[in-house]
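Chain by chain, the residues run as shown.
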Amino acid sequence: MKKCYINGIGCISAQKTFDGGFLDEVEVNTTEVIISAKNPDYKAFISPGAIRRMAKGVKMGIAASQYALKEAGVVNPDAIITGTGMGCLQDSEKFLKAIIDNQEQYLTPTSFIQSTHNTVGAQIALNLQCKGYNFTYVNGAISFESALLDALLQIETGETSTILAGGVDETSGHTLSLYELIGLIKKKDQGPFDVLDPKTPGAVFSEGAGFFVLESQKKSTTYATLEAVGIYNTLRQNEVASFIENFLTTNNLKPHDIDVVVLGNNGDVAFDGYYNEAEMLFPNTPLVYYKHLSGEYNTATSFGLWTALHILKKQEIPQILQKNQLTKQPINRVLLYNQYRGKDHSLTLLNHADL
Amino acid sequence: MPNKVAITGMGIISSIGNNVEVNFHALINGTTGITKTDYLNTIHKDTLKFGEVKLSNQQLESKLELPTDHRFPRTSLLGAYAAVQAVESAGIKNMNEVPTGLISSTSVGGMDKTEEYFYEYFDNEAIRRFILSHDAGETSHQIADYLGIKGLVTTVSTACSSAANAIMMGARLIKAGKLERVIVGGADALSIFTVNGFNSLMILTDDVNTPFDDNRKGLNLGEAAAYIVLESESQVKKNNKKVLAYLSGYGNANDAFHQTASSENGEGATLAMQKAFKISGLKISEIDYINAHGTATPNNDLSEGRAIQNVFGKNVPVFSSTKPFTGHTLAAAASVEAVYSILALQHNIVFPNKNFKTPMEELDLIPQTSLLEKPVHHVLSNSFGFGGNCSTLIFSKS
Amino acid sequence: MENLKHELKTKIIEALNLEDIAIEDINDDDPLFGDGLGLDSIDALELIVLMDKDYGIKLTDPKEGKTIFQSINTMAAYITEHRSK
């Protein structure tokens, strides 16, 4: 089985994550319930003829993928695999609203065309003239991990040697107002919001894109190797520990072999208990959290991966990400765990590039 | 066939039948399912025809014995209905005795509810449970929960090639040893959103669809759900399972030409077919029947026709599109046509490309217009979606 | 006719989201598709809807658009002859 090296990364998020640094400038939100992502200059990546039709998700996806490809020194990958929880929401809503408000008359096709879930992957391919394998996974909080798993399998078996894989989700007015209605999003008057000390249900929502170049070849830009990805549809809280232990055993590891655990706590008092269960397996391990910086969205784990890769490369955990005050040297193995409302559980295992 | 994966079960619901047997009889009797809509509340109800499943949501809920407070949109109703058949047909009694997953696909998801309740959600608390049913993944979760699957559940959404891609990914997970069994396929219900979307692209016909005909005017939208069960070799041996057919080849490529239109020379489609051949190890001449994507849009049929000629040269095997029977069922199309490909293999029969009168001016290609009995050992099935997504599956006799 | 041409340029810029283009940039005789303004088949569909909504002209065959939408001049001429709004 070939090793899977992560050689390039690109991240657009609520933080300024696209300029090559690692959280040098950070804005911690405690008062807003929906945060927009910070934008690079999209015109640097996309022609005016194309950009005029693009909603934010497509622009973020293209930009993030360009950063990743550039870093890895790849012009055209062999495959493009995208994950998105809600797809192209802005165009979906636009078209649907037009249908309803105009009683199905005078409908223009652009927003319909741009609303198909695989638009981001398709536009990236069009931009690059990449005729290779192109999949889009749309399954809530494991959309991105599905893309990673697919990429990992292809690299390991030697089927493909260079893959661009990523996750992207955008905020959108109507859908998020429905989410607010049913309590998925924090209520504005319930702040300040503390992801680590949740008192209320719901999460602060945001948007972003995280794209990664996965290759069978090690390079000077290599961050880490992707070792394994585990996905599970639904678990009770008392099943989390065995889910994690079984995953580690399959990879010939025990909990104490993990040097850093990255957790997807989002401040939802009703569901963050899952992470408490996970933590109990790692009493002496540095723990990292990130959704206080990224906000919650179906593919926010791509931001989590982005932080994990930097931690492995730099061999240190920035204070702002530390969930407990433990440290460890060297950092060789990182495990990420995420779930959303008790469903879409994922585990991602990374090794140091030299391991 | 070094990469073949066993297919041990299948299930389907479409406009020509609520199970495999009824679909088969419709195909051999030439009974198409393109009619006016009974359930869609659209201004186009008198001008357009659809491949509609003639069961209301209430009837489907009742057959599935769902509780009154369920939140299955129509896509999940259709999906669960077909998936249960597939599982039963594979003789699976204990769902999680070995690692078993579900890879479903959809483009509509819960859009039928989202469009129905767009504004009403704000005033009516009773229907708000459907808000969570909008996204594609949720329909897969609902089907998985209904089947009792605990494990890997995910969803592919690449427009009209979705189910082919779900099937492909399932096969790869079996071969990599990540799963012993996987239920793969797709479901899409009719919705006002898609009707108006396709209408705004001016690719719907106001008549019945006529694939590969020179005067073709566009497609009929349809709805359906279909699933097949893939199992590892060791599972088949251990349980002495009857293999319905093999998935022996698959390929996905991107046209990278335009967001909705296919390239004139069918490059993406050509690449997908070539990849499928490579995986299967089969020779071009070994294909006995092509179940074409054949949506009857001016663009697809020309592009696909060219691609078929690129790959097969002067020796194009018998081919047909079954979309005159079912309409274009979007994400489910490839799984519907997978079931039909398996039936072709089991019964040594090629289904007709109905409604065909005049060959396309540009190409020297004439589809099979009548039911044909002939030995069928290998079937190639194409499905192409928006975003240049081109997928090919090859099925082989067991 | 001059008012209509001006109106068309404004509507086209808005409907097709041509942010970087000003009315002065579009010459009456410039090809709208291919070279010139560089519009494509999706834009053609958008223009078909615009013709229906704003001028009451229904085109049933998208291929008709090829001749009608050649330039601002051809569009204005067609609309003047066939409009019902």
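Structural data are supplied above this passage.
Residues numbered from 1 in each chain as written. Chains lettered and ligands numbered in written order. Predicted model: local features only at pLDDT ≥ 70, side-chain atom pairs only at ≥ 80, totals over all residues. Heavy atoms only, no water.

### Observations concerning the layout of surface pockets
Thinking step 1. Here the second largest pocket is characterised by a volume of approximately 880 Å³.
Thinking step 2. What lines the second largest pocket is a set of 32 residues, and nearest its centre among them are Val229(A), Gly230(A), Phe247(A), Thr250(A) and Lys178(B).
Thinking step 3. The set of elements that each furnish at least two residues to the lining of the second largest pocket consists of helix H6 (143–156), strand E6 (224–234) and helix H8 (240–250) of chain A.
Thinking step 4. Tallying contributions element by element places E6(A) first for the lining of the second largest pocket, with 7 residues. (1 Å grid on protein atoms, 1.4 Å probe; cavity = no way out; pocket = protein on both sides within 12 Å on 5 of 7 lines; lining within 4 Å. Points joined across faces, edges and corners; volume = space filled by probe spheres on them. Helix = DSSP H or I, 4+ residues; strand = E, 2+ residues; numbered from the N terminus.)

### Here we look at H6(A)
Residue and element names in this part refer to chain A.
Thinking step 1. Taking 1.5 Å per residue as the helical rise, H6 with its 14 residues ought to reach 20 Å, and the 20 Å between its terminal C-alpha atoms agrees with that figure.
Thinking step 2. Within H6, 14 of the 14 residues are buried, which leaves the element mostly enclosed by the surrounding structure.
Thinking step 3. One or two residues past the end of H6 sits Gly 158, with phi positive at roughly 80°. (Expected span 1.5 Å × (residues − 1). Buried < 20%, exposed > 50% of the residue type's maximum accessible area, 1.4 Å probe, protein only.)

### Description of the state of the cysteines
Working definition of a disulfide: a covalent bond connecting the sulfur atoms of two cysteines.
Thinking step 1. Here the structure, examined in full by the defined rule, presents 0 disulfides over all chains.
Thinking step 2. Take Cys11(A): it sits in no disulfide, and the sulfur closest to it among the cysteines is that of Cys88(A), at 18 Å.
Thinking step 3. Not engaged in a disulfide, the cysteine Cys390(B) finds its nearest cysteine sulfur in Cys160(B); these two sulfurs lie 11 Å apart. (Disulfide = S-S within 2.5 Å.)

### Some remarks on helix H3 (residues 74–89) of chain B
Residue and element names in this part refer to chain B.
Thinking step 1. Over its 16 residues, H3 extends 23 Å from the first C-alpha to the last, a length consistent with the 22 Å expected when each residue adds 1.5 Å.
Thinking step 2. Most of H3 sits inside the fold, with 13 of its 16 residues counted as buried.
Thinking step 3. One or two steps after H3, the chain reaches Gly 91, where phi turns positive at roughly 65°.

### A word on the interface of chain C and chain A
Thinking step 1. Of the residues lining the interface, 14 residues belong to chain C; the matching set on chain A comes to 10 residues.
Thinking step 2. Both faces combined, the contact of chain C with chain A buries some 1100 Å², and carbon together with sulfur accounts for 52% of it.
Thinking step 3. When the buried surface of chain C facing chain A is broken down by residue, Ile42(C), Glu46(C) and Val49(C) rank first, second and third, together holding 40% of it.
Thinking step 4. Inspection of the chain C/chain A interface yields 4 salt bridges.
Thinking step 5. Across the salt bridge formed by Asp20(C) and Lys43(A), the nearest N and O atoms sit 3.9 Å from each other. (Contact = heavy atoms within 4.5 Å. Buried area = accessible area lost by both parts, 1.4 Å probe. Salt bridge = Lys/Arg side-chain N within 4 Å of Asp/Glu carboxyl O.)

### Some remarks on the interface of chain A and chain B
Thinking step 1. If you look at the interface, chain A gives 61 residues, while chain B gives 66 residues.
Thinking step 2. Together, the buried faces of chain A and chain B total about 5300 Å²; carbon and sulfur atoms form 63% of this surface.
Thinking step 3. Summed over the three residues of chain A that lose the most area to chain B, namely Glu104(A), Phe112(A) and Lys131(A), the buried surface amounts to 13% of that side.
Thinking step 4. Taking the shortest distance from any N to any O, the salt bridge between Arg172(B) and Asp150(A) comes out at 2.6 Å.
Thinking step 5. Counting across the interface, chain A meets chain B through 30 residue pairs in polar contact (both at pLDDT 80 or more).
Thinking step 6. Looking at the side of chain A that touches chain B, the elements that each hand over two or more residues are helix H3 (89–101), helix H4 (110–115), helix H5 (119–128), strand E3 (133–137), H6, helix H7 (173–181), E6 and strand E10 (343–352) of chain A.
Thinking step 7. The dominant element in the side of chain A that touches chain B, judged by the number of residues it contributes, is H3(A), at 7 residues. (Polar contact = N/O pair within 3.5 Å; in protein donor to acceptor, adjacent residues only side chain to side chain.)

### Concerning the pattern of salt bridges
Thinking step 1. Taken as a whole, this structure holds 38 salt bridges over all chains when the rule is applied.
Thinking step 2. Of the charged contacts in the structure, one is a salt bridge between Arg172(B) and Glu159(A), with a shortest N-O distance of 3.6 Å. Linking Arg172(B) in helix H6 (residues 162–175) with Glu159(A) in the loop between H6 and strand E4 (162–169), this pair reaches from one chain into another.
Thinking step 3. Overall, the relative accessible area of 43% leaves Glu159(A) in the partly exposed class.
Thinking step 4. Note that Lys237(B) and Glu233(B) form a salt bridge whose closest N and O atoms lie 3.2 Å from each other.

### So, the pairing of strand E9 (residues 333–340) of chain A
All names here are of chain A.
Thinking step 1. Most of E9 is tucked away, with 7 of its 8 residues classed as buried.
Thinking step 2. As defined by bridge partners, strand E7 (residues 260–263) adjoins E9 across 4 bridges and the pair is classed as parallel. Bridge pairing in E9 places Val 260 opposite Val 334.
Thinking step 3. Sheet topology note: the E9/E10 ladder contains 7 bridges and is antiparallel. Pairing of Leu 335 across the sheet is with Leu 349, part of E10.
Thinking step 4. Taking the residues that link successive antiparallel strands as the turn, the E9-E10 hairpin has 2 residues, and the phi of Arg 341 there is positive, at about 55°. (Pairing = 2+ DSSP bridges.)

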